[in-house]
Structures are given as C-alpha cells and as structure tokens.
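Below, each chain spelled out in residue letters.
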Amino acid sequence: MIDAAERLLKEARSSISLSGLVNTITNEHTIESKHLLCDYEPKSLLHMIALKEKQIGKVVLNRDERKIDLSFEGGAEKWIKVPLIEDKAYDDYECAFIPINGETVQGLKEEFGVKTRLGIFLNSGHEVTKYLYEKMSMFDYKSSNIDMYTWRLFVSLVVNKQNTYISRDINQDSFEKQFQNRIEHDILSRMSEDIKEALWKRIDRNELIALLKNQKVIIYDLRDWLR
C-alpha cells in the first residue's frame with residue numbers, strides 16, 4: 001500500500017502527504033508518525049544526513065498488511081549492526097542487527113528474524129539469537145581487526161539464507177555435510193587462515209551445528225508470498 005502510494009505521489013502533483021493519502025484510502029489509521037521518511041534508501045546521502053545521530057528504535061511487523069515499520073530516535077544504540085560476509089549469488093542479506101537489551105521485533109512469532117531494507121533484525125526470544133549474544137563477548141571486535149572479521153564470519157555462518165533450505169529431518173552427519181557444502185565452504189574460502197583459526201578457537205563447531213539443526217532459522221521476508 002505505502003509503496004503504491006509513493007509511486008502515485010511521484011506521478012501526480014498534489015499537496016497531500018503520503019500519510020494522508022494512505023489513511024484516506026484505508027479503513028484503519030495505517031500511518032501515525034508525523035515525520036515520515038519516504039522511499040528510504042540506506043546508502044542515500046540525504047537519508048544519512050536526515051538520520052544522523054539517530055538510532056533504530058522500534059521494528060514492527062504487520063503481517064496482515066504485509067509491511068514493516070522502523071522508527072528512529074535519539075539516545076543509546078539498541079541494536080548491534082554486523083555487516084555480513086555474503087555471496088550475492090546465494091542471498092542478499094547485507095547486515096544483521098542483534099538486540100542489545102532484549103529489544104523485540106513486534107509481530108514476529110517463531111521466526112529467527114525479519115528482513116528489512118536495512119538488513120535482518122533478529123528475534124531476541126529466539127535461541128539462536130541468544131546464542132549469538134552469549135558468544136559476542138568472546139570477540140574484541142571494536143579494537144581488533146582480526147576479532148572484527150572473525151565476529152563477522154561467525155554471524156555470517158549463522159545468519160545465512162541457505163540455512164533455511166537445509167532439512168532438519170536428517171541425521172546430524174547429513175546436516176553437517178549440507179551445512180559445510182552450502183555455507184561453510186563458500187564463506188570460509190574467502191577468509192585467511194588466521195581468521196578461520198581464530199573462529200574455531202572461540203566457537204565449538206559441533207555445538208554450532210547441533211544448534212542450527214535443532215532450531216528453525218526462518219527469516220520473515222515480505223517478498224515471500226508463501227508466508
């Protein structure tokens with residue numbers, strides 16, 4: 001609805017606001033904010049300036065209307081942003097956002113996270129998110145380049161679209177082989193031996209494989225019309 005209204009306002013000259021247009025043609029008050037950033041692009045210089053010194057506050061998923069609302073506010077950060085090591089041939093997850101103090105994505109159920117234009121926001125109540133947050137203290141990613149890349153590598157292995165496609169109805173050995181073939185080999189092949197060695201010194205590989213096998217790691221995506 002909002003995307004369609006944005007395109008309409010670009011084509012037709014009118015003094016009506018985007019929120020006014022959407023709220024006029026829907027039965028419920030869809031947009032409540034007085035300050036709405038339209039057609040948001042994370043890499044736009046103007047949008048970066050507009051959101052300077054503002055942090056992501058609320059993330060709200062509306063399943064019925066198939067929309068995701070993000071609000072920005074001042075103050076301390078509530079989410080840790082992790083740039084992912086990706087392969088665009090397989091997925092388009094650029095960043096993951098890990099909740100710092102149990103911040104929730106409103107509207108999520110059993111899903112691991114939700115995909116937005118900014119990246120993947122993880123569900124604080126999910127066991128895999130709790131695992132990532134627990135292991136985070138093992139990486140001095142703010143001061144050490146090796147730790148920073150190792151932390152990114154670790155999160156990229158976990159927050160990966162290909163994890164969704166590996167069957168959980170197989171035994172541990174089969175799951176491990178599929179994980180290695182689909183994800184681990186591709187991502188680790190682009191890292192130095194020092195980074196890989198640092199990763200497996202901190203992370204128990206068997207523990208990681210077992211966790212991923214026993215948990216659903218589904219990412220809610222508005223483009224997935226089967227959900």
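Quick note: structure is the one above.
Going along each chain's sequence as written, the residues are numbered from 1 onward. At least 70 in pLDDT is required for a residue's local features to be given in this predicted model, at least 80 for side-chain atom pairs to be given and counted, and no such filter applies to totals for whole chains, interfaces and linings, which use all residues. In computing side-chain properties, one takes all heavy atoms of the structure into account and sets aside hydrogens as well as water.

(A) Broad picture of the packing of aromatic side chains. Classification of ring pairs rests on two measures: the distance between centres of Phe, Tyr or Trp rings, Trp counted by its six-membered ring, which must be within 6.5 Å, and the angle between planes, read as stacked under 30 degrees, edge-to-face over 60 and tilted in between. Here the structure, examined in full by the defined rule, presents 7 aromatic pairs. Considering the side-chain rings of Phe139 and Phe154, the 5.8 Å spacing of their centres and the 20° angle between planes classify their relative orientation as stacked. Of this pair, Phe139 sits in the loop between helix H4 (127-135) and helix H5 (145-158) while Phe154 sits in helix H5, and the two are 15 residues apart along the sequence. One exposure class covers both Phe139 and Phe154, and it is buried. In this description a helix means any DSSP run of H or I spanning at least four residues, a strand means any run of E spanning at least two, and both kinds are numbered starting from the N terminus. Buried residues are those whose accessible area, probed at 1.4 Å on protein chains only, stays under 20% of the maximum for their type, while exposed residues exceed 50% and partly exposed ones sit between those limits.

(B) Geometry of the packing of H4 against H5. Axis lines are fitted through C-alpha atoms, for helices just across the contact stretch, and the angle between N-to-C directions can take any value from 0 to 180 degrees. Running from amino to carboxyl end, H4 crosses H5 at an angle of 170°, the nearest separation of the two axes being 11 Å. Between H4 and H5, the interaxial angle falls into the category roughly antiparallel. On the side of H4, the interface is formed by Val128, Tyr131, Leu132 and Lys135, while H5 contributes Trp151, Phe154, Val155 and Val158. Broken down by class, the residue content of the contact of H4 with H5 amounts to 7 nonpolar, no polar and 1 charged. Note on terminology: angles under 35 degrees are roughly parallel, angles over 145 are roughly antiparallel, angles of 65 to 115 are roughly perpendicular, and the others are oblique. Here, residues are in contact when the closest pair of their heavy atoms is within 4.5 Å. Charged residues are taken to be Asp, Glu, Lys and Arg, nonpolar residues to be Ala, Val, Leu, Ile, Met, Phe, Trp, Tyr, Cys and Pro, and polar residues to be all remaining types, Gly included.

(C) Layout of unusual backbone geometry. Here the phi dihedral of Arg66 falls at roughly 55°; this positive angle occurs in a residue that is not glycine. On the secondary structure map, Arg66 appears in the loop between strand E1 (55-62) and strand E2 (67-73).

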